Each structure stands twice: as structure tokens, then as C-alpha cells.
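Structural characterization, general
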Amino acid sequence: MRLSVDVGGTFTDLVVDDGAGLLKVYKSPTTSPDPIEGVLDVVALAAAGEGRTTQALLAATDMFIHSTTRAINAVVTGKTAHTAFLTTRGHPDILLVREGGRTDAFNYRIPYPAPYVPRSLTFEVEERIGADGRIVRPLVAASVHDIADRLKAAGVEAVAVCLLWSIVNPAHELAVAAILAERLPGVPVTLSHQLNPSLREYRRASSCCIDASLKPVMTRYLRALTSRLGESGLAGKMFAVTSQGGIADIEELAERPILSLNSGPSMAPVSGRHYALAEHGHTAIVTDAGGTTYDVSLVRNGAIPWTRETWIGPLYQGHMTGFPSVDVKSIGAGGGSIASVDGGGMLHVGPQSAGSNPGPVCYGRGGIHPTVTDAALVLGYIDPDFFLGGRMALAVEAARTAIATQIAQPLGLSLDDAALAIIELATETMINAIEEITVKQGIDPEDTTIVGGGGAAGLNAVAIARRLKCRTVLFPEVGAVLSAAGAIMSELRREFVRTEFMRVSHFDVARANVIVAGLRAEAQAFLDGNVGAGRDTVIDYFIEGHYPSQVWEIEVALEGPIFDATVGAANLIRDFHARHREIFSFADDHDEVEIVSWRAVARSRIADSRAGLRLATAPPATGERVRSMVFRDTGRLDAPVYDLDALPQDHPVTGPAIIESSFTTIVVDPGSRAVRQPAQIVVEPFLGRLAGQGG
Amino acid sequence: MDGAPPRIDGVKLAIMQKRFEGVTRKMANTLLRTARSGVINTARDFSCALVTADCDLLTAADSYPIHVLRGADLMARAILHFHPDVKPGDAFLHNSPYHGNTHAADHTILVPVFDDRGVHRFTVLAKAHQADCGNSLPTTYMGTARDVYQEGALIFPAVRVQQDYRDNLDVMNMCMMRIRVPNQWRGDYLAMVGAARIGEREIVRMGEELGWAAVAGHARQWFNFSERRMVETIAAMRSGRARMTCIHDPLPQSPGDGIAANADVIVDSAAVRITVDLTDNIDCLPVGVNLSEACSRTAAMVGVFNSLPQSVPANAGSFRRVDVRLRENCIVGIPLHPTSTSVATTNLADRVTSAVQRAMAEIDPALGMAEGGAGIPPASGVISGRDPRHGGALFVNEVILAGGGGPGTFSNDGWLSLFTMGNGGMPFYDSIEIDELHHPIRIETRRIVPDSEGAGTYRGAPGVLTEFRPVDCDIEIGFVSDGTVNPALGARGGQPAIPARQFLRADSGAVTPLGTSEQVTIRNDQLMVSYSNGGGGFGDPAKRDPEKVAEDVREGWISAARATTVYKVALDETGRVDVVTTAALRA
């Protein structure tokens, strides 16, 4: 059995995969300040659902996959460790100068970005290694001891060491680490040549500093998670979702916490792609609407959006992570987004969120600020008695009072109009996020499909589609837990790299075969050593290379792990030119090709998801009923509410209507049509104008 | 006023415009990823742009302003002038500063794009600063060249280098015989043609997908939209006129007190026009810093756009509201052949831009900015020599390690990695490791210089100290480090930055001072020391937020002494603002 847990800002989601392709979903509030409590809560909920004890459920679990936004939240809110940066004498401004670059040529209203580690916590080590690895100036140990004293005095909690050319000769970084281990025992250290052995000191230093700054918080968290799940009976192995849209051993994550930096949203496109491909093979906007954030990504022709140059914050203004990752845009908008009216009479929704604690007013846990969820409740979109399958009763009157006094009165609106305004403003914010990744890239959202994921997606996904003139909205059955489900569909993946320069004009077949055989052995050992592996294991081989004096490599796949002595590099050379032409429209067919690095990528599916994951249906709750609800087009009226699990397939429902399940509510706007299909609900938004509607 | 167009039209217009910008972005990506010289593949010293069949600039997204704001139009026109018979498959090499190009080192590949019926619809440009262009000395900045002959670059006035998508080998062979490290040039040429062909392919795709009428018709709407936006913007500005002067360092053959750039600026919000008059300036000189027409027009325009209160798309539409007055044979005007414009993109062009934006600040204190740190110091010089690691193979390249600091503006401190005003901070600064891998040099230092900024309510960015030396050989370097005599000036009470400085320091301790414009050898036992010029400050430094001053001290940007003497801020022993003493100092 496999469990996948996704700790979001508001809810902790759990997907149970029994191995037969049938998923069960559980959802429980995220707990703060100790999110592990929420993980154990949702596991207990699942155990109850399965009719077992927590101990028994965890004992039967062979893979436990974990995803958390803890790392990125720590970076964005500045709650990372007090981190120092040690670098080569003469180069203290690597993080300040970065690689230059600026957008928006005439707009000088954007301030110059501060370095990830301030100059006052940057220290210069007396040493220098040359480009060829020679020691130009030996390491002066006394300079490191002196720095160690200052680090102690400054109360530094983590140290990043990035020396020039450590990737060619790591001796000095290793020596610095040895001194720090002795002088600052227990203070975690990241060495750049170990974390990210790549050329270009800014990228290496930036990843190194981000990684070090996350170590204390992530190590504490993962250690606690492992031990508490162990105490509760978990026998299987733990894995963590990575920014690369795959999963990795949790011990690897503790060593390299930067891997989890963008892991939260990275899984939504992985699962969103699955549904978009199954239905309509073109461009899909995958949205994941949670309680706190709204994540959007663009899946084109089935390709997961990928970026090699990941920035935390805007391009050239934030920090480059130095690691490739799945490309997802996140904004602060969700069910928990707080609505307020400022002194000038302007309505605001978000980015502040009520989170899970205290949560929206209607949760009755002490929240006093009205949220998007409160507005949806007032409008009749959410059933107060059926939230989370009836496990949490919602306080409608408290929500009405909060919106009436804090929003409706200051704006001079009726209660219903105030609640509509809150939803509409949240919708507008989400549309802006979608336009960022579509319109601003020259993609017309009209020609795309929206995949509505996340527990809050159904509230306004149809409204968003109407505004963008999208013709199709898909709500996967597992949409409410899109990220957790994505992890179940993802791959165990690890890359093995060897940096060794070789010119194809002097191609050494024997040497090349030794390099690739070494990579193959490492990759195979990785696959053999993982219980999760076993389905469709694949090892792919690549080289990265370029023409002479180019500085950016292109990746070319090898035909296999063995070069034939008579063919030599001929096929590789042919493929390199072809690939160069394909990407850049030209090739220099007779020129030399320089191989810079060799890679093996080991992949293994952890579930057989090709048939499509289905949700195990719960027994229908109450069947069809009628509820009073409000739409901008119609005003308040009684409209039908359908139970998702009881809705027959291929039997269209026309809005105004609500389709709801324990985990989600889909608002079908007036005139829009919804059809249940295997594994998903498909909605065609009404794009016209209703009769009698004002202009 | 006719009714506002329905929102959906605005959205459609924006989508189409972003698609065009996507075209130039794809071109730029191709050029960066495939070029062979460091100045292109690491420093990104290039631009990609797109003009209409009428040669009006449609987009230069992510390009250096100085490269293409004006000039892309002039170059496209030069092609039609010399070649009325343009055909699909043509490509043109253009670097003539007498026919719309910036300076001879900026090779530009232009490709006219045709629809399925053979009608010329657009022209795409890829312009890149070459590592070498065949000058008489191994530098692309010949500050003291007395004319184009002494410069020595091959000049290509819109020369057809491809026909039917095939290279004209005669032209290439000429370049291979004149340009240093010819294979590097050839690789860069292929990358530029590749980028232009990517642009052509993407536009043809747009035409096929969306219809040529819609794609071509977009430009007119976008220009009108941009002009309307410019009208709204200027109408809300304060009217007035001001003259400001910024002075380039003296060069041999120039007036002894330097080369002045006077800008007479008029903002007329009633007539909704801005005028920049550059005609009251001296004639061209027998030096390399004369501006080309493209650079004169653009430099003035950059000063205007930098000073607008809100962002306005920069294209032929918004340009209708800005008049730039030039005269022939003026040093910041229209040079006549064979005047040298070898250094036209940076030095004197920046002085023009800075004069314009300081004048804008005089007209309206809530606009404009101080003077940007002058370029370009040895830290961005052209280095050349023989690489002992590769059997003495020749190398030549402009390294971009540091440049001028950004000016303080009416609302912000200067942008640290500005480089020059004309580049607007868009170049990438070289990676130390990449530069050391590709050249026989070691960069010992790159750090900001405390107390070098132009002080102000909003301070300029500081200068940068860069030190580098050859490894196992001697090398040569060329640069024109303006700001050595005349540092960047402040605006509205802001102070000037500390001047640039450069010298060679031998291991023996012997120091060889260097002037503004030099072409010298750096011996194996010498260190090249380069202090770049910071940006000027904006407004009275004694009005700077004391908390910002305290932060600058804490982070090592300025000394505590300077905080007291210049910014009139006293700090206690823990580095916090001493409010009482500060108030007394500022009283």
C-alpha cells in the first residue's frame, strides 16, 4: 500500500493507493505550529476509513510519500536559519552582483535586490584555486579559525561554503568544512561542490546558501516526522516530493533540502497533464486552488513546464536557485483569503490568509475576518452540514455577520452582493495569474482547457473559464488532492552525472564505455536498492555538449550504454548536429563537438497509473436536493444540488446547479453544462449572455 | 472622444503583441545559447528586434535601448534603398554607422520576412557586439581613432550575405581574412543568422495560424495604442524647459576641458510633445567617440523614456510624440563619412542620456534621475593575446566584469549592475569562472567600493573594484574609461560619484597610472586594477532616510564617517541611528 500526504497551507491531504488503481482520499486541517500533528490526524482518519488502527495501516504501508511547502515558506517569509556565506578572498559580492541582468529597460522604480545572505554575514577565506585546479594561494587555516570565531559571536546557525573552482579541486572547501566541524560542532554546513557541482559561481553559491539556510528547519522537521511516524508503526520507506516533479528518498532530502524548495506545487502539473492528455491533447492550464495559495502552470502538448533557471521571486530581482525545477506560478489567493475594506472604501481579498488556524469565520475556531470560504457559504455554494463529508459543521450565521458588518456595511451593499463581490475579486486575482502565464506568453486562453484542481477550485473555476472564454473545464475526481495524487502518479527519479571533457575528434571509445558503464552501475544500484522501484524501470543516457567556445550545452540522448568500436561517436555526432538544428535552426555540420558531461537518468514508476486513477466512490449521501443560492446573473434562487458520487455518467446537468462531494463543491454557473465522465467532471462554460441580463 | 474599445480588443491586442515579443525572445535565446564569443554568450551584448514592412519599430523586447530604439528603422530602410528587390531567403549584414547602425563593432543580420504570396511584411534584426571587427588594433572601442580608416573595421552597408538561404562566401571570406580569431567570428555569424531565421520562422507561423492581414494589421493598432498611452502620460507632466550639460573626459584632439554634451529639453504638456534639441554642440572631432545618427537619436530618447512617470511601450507609435533635433557633422548628431564612431554606443551617448534625464529632473522634481556611472572601464575592456594553454592560439574578447553604477532617481537608489545608461543594466556580468576558463586570466577581486557612490536622498550605486592579471603570458587590453576626469554628476542637490581610476600594479610594487583611453599590455607580473565610476546622487544627502544610512553602514556600502559628514546621520556604538545627534546634525 502507498500513502501520499501533501501538507498545504490550510489542509493536509492524504491519498491511499491500494495498488489496484483505486484511490481513496482523506483531508484534514493542517495544524500549526506542528504540522506533523495534522499528518497523524489525516492518517488516523484514513485508518478509521479503512477500518483499521493507525498502527495497522502504517504497518501495511510500504511507501509513504510526503510533500510540503515548508521549505519555500521558510524562504519567502525569511524564517530560514541565520546563515553565513564563506567565499574566496576578493569575491565577497558574488551574491550581490549575481549575473547582472534587468528587465523593463525604462522602469527604474524597481529597487536593486538585496543578496540572499547579507554582506555583513559574508566572510572571505584566504585561499585561491585556479581554473586548472592548481592551488594559487594555499588555504590559510588561521583565516578560517578567525572566521569561525566571528560566526560564533554572530550566532550563526548554518554555513554555506562556495569557493572559486571547488568543482575542479575541492580540497579547500573540504578543509574549511573540517575546521568548521571542529569549531562549530552541530552547525550544518553545505559545500558547493557537493551540492551542485556546476560551473558559474553565482548559481553554485546561491543554491549553496539557500540549501544551508534550510538545513536546520528541514532537518528538524524531517527527523520529527520520521520518528513520529515510526512510533506510530510505519514500517515502509519514506519518500519526499522534489521540485523536479519526482520523488526522492527522505534521507536525501534532509541532506539536500533545496530539492524540496518548489515541491509543493510541482506535482499539480504532473497529475493535471494526465487528465488533460486523456481528454484533449493540446494546451491545458492546470490550477490548484487551495486554502492559501493558487498555483497555475501551463502544460503544452503534454510537456510538464520546466525551467533550468528557477528564480524565487521575479526574474533578475529574486534569487536564482541554481537548480532546474517544474515551472509553476503561485499567488496568495484561496478559500482562506481574507476580505477587508480599507479606509478609502476599497475591497481587498488576500493575499493574507486565515490559514487553517483560526481559519475562516465559519470554522468557528476563533477566526474573525471573513474569507472567500465564508462568502461561498453565504451564497449557498457550500453546504454547512456536508463540509468534509459532514465531519465539520460550518457556522453560517457567524459568516453572515462577519461579511455584513465588515464588508457589506462599509461598501453600502446587500449581504449577497458583498459576498458576490468577494468571490468576484478573488476570481479576478486568479485570472491575472493565469494571464501571466498565457497572455503574457502570447497564448490565448480561449484555446486551452482548464484543469480545476484543489479543494477550492470548484467555487469559481467555471467563472474563471467564462471570463477567459475557455470552452472546457475539467474537474478530476482526485482534483481536491491534485498534488497528493500527482505524487502517486510520479516517478522515482535520480540523475547520475560524470563531468569529463572529451572532443569527438579524439573520441576514446574505451574511455567512453568505462564512463557510461560506471553511470549505469550507479543507476542500477539505485533502482535495485529502492522498494518503490520495480514498475517500468528505465535508465536513459545522455551527453551534454557544445561546439567549441560555446558556453551553454545541449543535451543529446545516447542510443544505449555501449559505444560500438567500429561506429565510435559517428551516430552521436550526427545526433548532436540534428539536435542543434532542431533547437536553434542551424548546425555547423563540420565543426568539432565537445562533450562536457555524461548523464544517466534512472526512473521508475511507483504506480501503474496509465489506466487512469479512479476514486473509490463513497455511498451517495443524500442524492439530489434543492438549496437557496445566489448568482450575479440571476440573483437569489432555489437551484438543484447533485451529489457527485450519485451523478450518472453522460447525463448533463445545466446550471444554475451545484455538484458536491465530501471534498469539493463545483459551482455550475447559469447556462453552463456539466457532464460526469469516468474519473472526472467536464464543464462547458456558458459563454453567451443570459436573456434579460443588463449590458 | 470616441468610446473606449471593448476590453476584449485590448486583450487581443496584448496577446498579439506578446506573441511578437515572444519572437524576439526566442531569437535572443538562440543567439545567447549558440554564440561562440564571451561578449555574446556570457555578457549577452546583443539585441533582437522586429520592424514592420514600413520599417517602423514594433518591438525590441529585452533589447539594449541603445542598440535598437532608433536605428533598427534606419537600417531596415537602408536595405530597401540598396536592394529594392528583396526576396525570401535573403539575409543582410549591416554595420555601417553612416546608414543607421550604431557602431562598426555591432554586426547586424537583417532578414526580411514574406507572406505566402511573396509580400514583404516584416524585417527581423539580430545585432551583436563582436569580439573583434577587424579594427587596426585589437579593440572594438577605438577612442582615439582619427577617422574610420584608422579604425580599420570592414564596413558593410546592408550587404546581402545570404541568397536563397545560402551564404555569400565572398563576404565571409573577406571577414575571415580581416577579423581576429576568424572562427570565433564565423561561429557568431552562424548564431546571428540562426537567430534571425528563428524569428522569420516564428513570424511565418503566426501569419499562417492567425492570417497575414491580422498579423500585419496589428502593428497599426499597437502604434495607435502606444501613442495614446504616450499622450496620456505627457499630458499629465509638468511643462517646462531646461538645458543640462554632461561632459565626457578630454581625449587627445578634443577640447582640453572635455567634450560637452548639451541637451535642451522642452516638455509641452499642452501640445503633448517632448523635444530634445542637440544641435547646440560642437562639430565632430578626429576621435572615436563621435555619435552615429542612431546613437544620437536613441541616447536622447533613452533620457526621455527613463524620465516618464509611467511605463509607455517604446515603439514607433509612442515615438511620434518625441522630437529629437540633430544636425549634420555634430559630435552628438549625424556624422559624415569618414568620421569615426567607434565608441558611439557607450561614452558620449551616455552623457547625452544623462543630460536629458537631469534636465527632466529640473523641469519636474518628481521625475528624472542623476547621471549614470560613466563607461567603460578596464573591467569591461577588450582583452587579447595568445593563450599558452592552447598552443598560443589567438584570443580576443570583451569581458564584462563591471561597469558604471546606476544613478539615484527621484524615488530609488541606483541600480548596482547598470553597466551604462544605454544598456540599462541589461547586460549580464561575466561569471569569474567562465572568464577564467575561456581566457588566460585570473580575476583576483570583484567587490563594491565603499564611499564611492554619489550621495543623495537617493544615492547612486557605488563603483566596483576589479583586479585581474594574465596567467602564464602577457595580454593586451583596450578601453575608454570615461568618468576618470569627470565623474557622474548628481541631480537636484545630489552629489557626484567618486571618479573612475585605473592603473597597473607590478608584483614589485611599481604602479603605472593609466588615463581615460588606453591600449596597453598587461605583463605577466602585473595586475590590472580598475575602479569603475558609481552613479550620481539625487537630492540632498542630508535628507536621506537615516535608517537607510544605518543599513548602508551595517552592510559596508558606506563608512560611519561618511554617514556623519555627508549624510548627517550619527550612529551609536551598536550601529543604530542616534536620533538626537542626527537631528542636531541636520538642524
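Residues numbered from 1 in each chain as written. Chains lettered and ligands numbered in written order. Predicted model: local features only at pLDDT ≥ 70, side-chain atom pairs only at ≥ 80, totals over all residues.

1. Re the overall build of chain B
Our working definition: Each helix corresponds to a stretch of at least 4 residues labelled H or I by DSSP, and each strand to a stretch of at least 2 residues labelled E; elements are numbered beginning at the N terminus. To sort residues by exposure, count the other C-beta atoms lying within 10 Å of each residue's C-beta; 20 or more gives buried, 12 or fewer gives exposed, and values between give partly exposed, all with C-beta atoms placed from the backbone. Remark: residues whose backbone-derived C-beta atoms lie within 7 Å of one another are considered to be in contact.
Within chain B, the secondary structure is distributed over 15 helices and 20 strands. Buried positions account for 62% of the 587 residues belonging to chain B. When contacts within chain B are restricted to residue pairs at least 6 apart in sequence, those whose partners lie at least 24 apart make up 74%.

2. Here we look at the overall build of chain A
Applied cut-off: Based on C-alpha atoms, the radius of gyration is set beside the globule rule, defined as 2.2 Å times the residue count to the power 0.38.
When helices and strands are counted, chain A shows 17 helices and 35 strands. Against the globule reference of 26 Å for 695 residues, chain A gives a C-alpha radius of gyration of 27 Å, in line with a compact fold. Taken along its principal axes, the extent of the C-alpha atoms in chain A is 80 × 60 × 60 Å. A buried classification covers 51% of the 695 residues belonging to chain A. A separation threshold of at least 6 residues defines the contact pool for chain A, and within that pool the share at least 24 residues apart is 66%.

3. Looking at the nonpolar core
Here is the rule: A set of buried Ala, Val, Leu, Ile, Met, Phe, Trp, Tyr and Cys residues, joined to one another through C-beta atoms within 7 Å, is what we call a nonpolar core.
Counting residues in each nonpolar core, the largest one holds 358 residues, and the members touching the most others are A:Val159, A:Ile422, B:Leu31, B:Ala126, B:Ala263 and B:Val352. Counting residues per element, this core draws most heavily on helix H8 (residues 201–231) of chain A, at 13 residues. Dropping the residues within four chain positions of it, B:Ala263 is found in contact with B:Arg243, B:Met244, B:Val276, B:Leu278, B:Ala300, B:Val352, B:Ala355, B:Val356 and B:Ala359.

4. Some thoughts on the sheet that holds strand S33 (residues 665–668) of chain A
Residue and element names in this part refer to chain A. Note the cut-off: One bridge is not enough; two strands pair if DSSP finds at least two bridges between them. Axes here mean lines fitted to C-alpha atoms, for a helix over just the part in contact, with angles spanning 0 to 180 degrees between N-to-C directions.
Here four strands make up an open sheet; going across it, the order is S29-S30-S32-S33 and the pairing mixed. The strands lining the two open edges of the sheet, one partner per strand, are strand S29 (625–631) and S33. When strand polarity is set aside, the average angle formed by the axes of neighbouring strands in this sheet is 30°.

5. Comments concerning the domain arrangement of chain A
Residue and element names in this part refer to chain A. Selection rule: The source of the domain bounds is an automatic or database domain assignment. Under this grouping Gly is polar, as are all residues other than the nonpolar Ala, Val, Leu, Ile, Met, Phe, Trp, Tyr, Cys and Pro and the charged Asp, Glu, Lys and Arg.
Per the domain assignment, the segments making up chain A are domain 1 (2–75 + 219–260), domain 2 (81–215), domain 3 (267–488 + 611–695) and domain 4 (491–605). The gap between the C-alpha centroids of domain 2 and domain 3 is 43 Å. At the junction of the two partners, domain 2 supplies 12 residues and domain 3 supplies nine residues. Classifying every residue of the side of domain 2 that touches domain 3 by side-chain character gives four nonpolar, five polar and three charged.

6. Quick notes on helix H12 (residues 396–411) of chain A
Residues and elements named next belong to chain A. Stated formally: The span one expects for a helix is its residue count, reduced by one, times 1.5 Å. Bend is computed residue by residue as the angle between axes fitted to the seven residues ending at the residue and the seven residues starting at it.
The end-to-end C-alpha distance of H12, which contains 16 residues, comes to 21 Å, matching closely the 22 Å that a straight helix rising 1.5 Å per residue would cover. Within H12, the axis deviates most sharply at alanine 404, by approximately 40°. Buried within H12 are the following residues: Ala399, Ala402, Ile403, Ile407 and Ala408. For H12, the secondary structure elements touched by its buried residues are strand S20 (337–341), strand S21 (347–353), helix H11 (372–378) and helix H13 (415–437). Downstream of H12 by a residue or two, glycine 412 has a phi angle that is positive, lying close to 70°.

7. Notes on the interface of chain B and chain A
At the interface, 56 residues of chain B touch 43 residues of chain A. When residues in the side of chain B that touches chain A are grouped by element, the largest group, nine residues, is from helix H1 (residues 7–34) of chain B. Looking at the side of chain B that touches chain A, its residues break down into 21 nonpolar, 20 polar and 15 charged.

8. Some remarks on the sheet that holds strand S15 (residues 464–470) of chain B
Residues and elements named next belong to chain B. Spatial ordering of the open sheet is given by S14-S15-S20-S17-S18, a layout of five strands whose pairing is antiparallel. If you trace the sheet from one side to the other, it starts and ends with strand S14 (441–448) and strand S18 (511–513), each paired once. The sheet shows a mean angle of 20° between the axes of neighbouring strands, taken without regard to direction. Summarising the sheet, S15 and strand S20 (residues 526–531) pair through four bridges and their orientation is antiparallel. Opposite phenylalanine 468, over in S20, you have methionine 528 as the bridge partner.

9. Regarding the domain arrangement of chain B
Here chain B is partitioned into domain 1 (7–225), domain 2 (369–544) and domain 3 (546–586). One C-alpha centre belongs to domain 1 of chain B, the other to domain 3 of chain B; they are set 50 Å apart.

10. Notes on unusual backbone geometry
For the bond running from A:Gly350 to A:Pro351, omega is 0°, close enough to zero to count as cis. Looking at the element boundaries, A:Pro351 is found in strand S21. The residue B:Arg44 is not glycine, and still its phi comes out positive at about 60°. You can see B:Arg44 is positioned in the loop between helix H2 (38–41) and strand S1 (46–52). Under the C-beta neighbour-count criterion, B:Arg44 is labelled buried, with 25 such atoms within 10 Å.

11. Some thoughts on the environment of B:Ala216
Residue and element names in this part refer to chain B. Following the sequence through the fold, alanine 216 ends up in helix H8 (residues 212–235). A count of 17 C-beta atoms within 10 Å places alanine 216 in the partly exposed class. With 164 residues separating them in the primary sequence, alanine 216 and threonine 52 have C-alpha atoms 7.8 Å apart.

12. Some thoughts on the packing of helix H9 (residues 293–306) of chain B against helix H11 (residues 347–363) of chain B
All names here are of chain B. So the rule is basically this: By convention, the crossing between two helices is left-handed when the near helix turns anticlockwise from the far helix through less than a right angle, and right-handed when the turn is clockwise.
Their axes nearest at 8 Å, the elements H9 and H11 cross at an angle of 35°. Classified by chirality, the crossing of H11 by H9 is right-handed. Residue-level inspection shows Cys295, Ala299, Ala300, Val302, Gly303, Val304 and Asn306 of H9 in contact with H11, the latter providing Ala349, Val352, Thr353, Val356, Gln357 and Met360. Each residue belonging to the contact of H9 with H11 can be placed in one class, and the counts come to nine nonpolar, four polar and no charged.

13. Considering helix H6 (residues 171–183) of chain A
Residues and elements named next belong to chain A. As a reminder, the rule being used: An arc is given here, and it is the one of the directions from the helix axis to the C-beta atoms.
Taking 1.5 Å of rise per residue, the 13 residues of H6 would be expected to cover 18 Å, and the 18 Å separating its terminal C-alpha atoms lies within 8% of that figure. All of the buried residues in H6 are His172, Glu173, Val176 and Leu180. Taken down its axis, H6 places every buried residue within 100° of arc, on the same side. In H6, the exposed positions that point more than 90 degrees away from the buried face belong to Ala181 and Glu182.

14. Section: the pairing of strand S32 (residues 657–660) of chain A
Residue and element names in this part refer to chain A. Burial along S32 is two-sided: Ala657 and Ile659 facing one way and Ile658 and Glu660 facing the other are all buried. In this structure, S32 lies alongside S33, joined through four bridges in antiparallel fashion. Bridge assignment links isoleucine 658 to a residue of S33, and that residue is valine 667. Count of turn residues in the S32/S33 antiparallel hairpin: four residues.

15. Regarding the pairing of strand S30 (residues 635–643) of chain A
Along any regular strand, the residues point their side chains to alternate faces of the sheet. Residues and elements named next belong to chain A. With seven bridges connecting them, S29 and S30 associate as antiparallel partners. The residue bridging valine 630 from the neighbouring strand is arginine 636, located in S30. Here three bridges tie S30 to S32, and the two strands are oriented parallel to one another. Looking across to S32, one finds that valine 641 is bridged to isoleucine 658.

16. Concerning the packing of helix H5 (residues 141–154) of chain A against H6(A)
Residue and element names in this part refer to chain A. Our working definition: An angle counts as roughly parallel when it lies under 35 degrees, as roughly antiparallel when it exceeds 145, as roughly perpendicular when it falls between 65 and 115, and as oblique in every other case.
The contact between H5 and H6 brings their axes to 10 Å, and the two run at 40°. Comparing the axis directions of H5 and H6 gives the class oblique. With respect to the hand of their crossing, H5 and H6 are arranged in right-handed fashion. Two secondary-structure elements touch here, H5 through Ala141, Val144, His145 and Ala148 and H6 through Val176, Ile179, Leu180 and Arg183. Here the residues of the contact of H5 with H6 are counted per class, giving six nonpolar, one polar and one charged.

17. Describing the confidence of the model for chain B
Residues and elements named next belong to chain B. Let me state the cut-off plainly: The pLDDT value expresses, per residue, how confident the predictor is, ranging between 0 and 100.
With 98% of its residues at a pLDDT of 70 or more, chain B has an overall mean of 95. Long-range and interchain partners of residues 1–8, a stretch whose pLDDT sits below 50, account for one contact in this model, where long-range means more than four residues apart. Across the whole predicted complex the pTM is 0.91, and at the interface the ipTM reaches 0.96.

18. Observations concerning the environment of B:Ala563
Residue and element names in this part refer to chain B. Structurally, alanine 563 can be placed in helix H14 (residues 560–565). Residue alanine 563 is classed as buried on the basis of its 26 C-beta neighbours within 10 Å. If near-sequence neighbours (up to four positions away) are discounted, alanine 563 is found in contact with Val549, Val553, Ile558, Val569 and Leu571.

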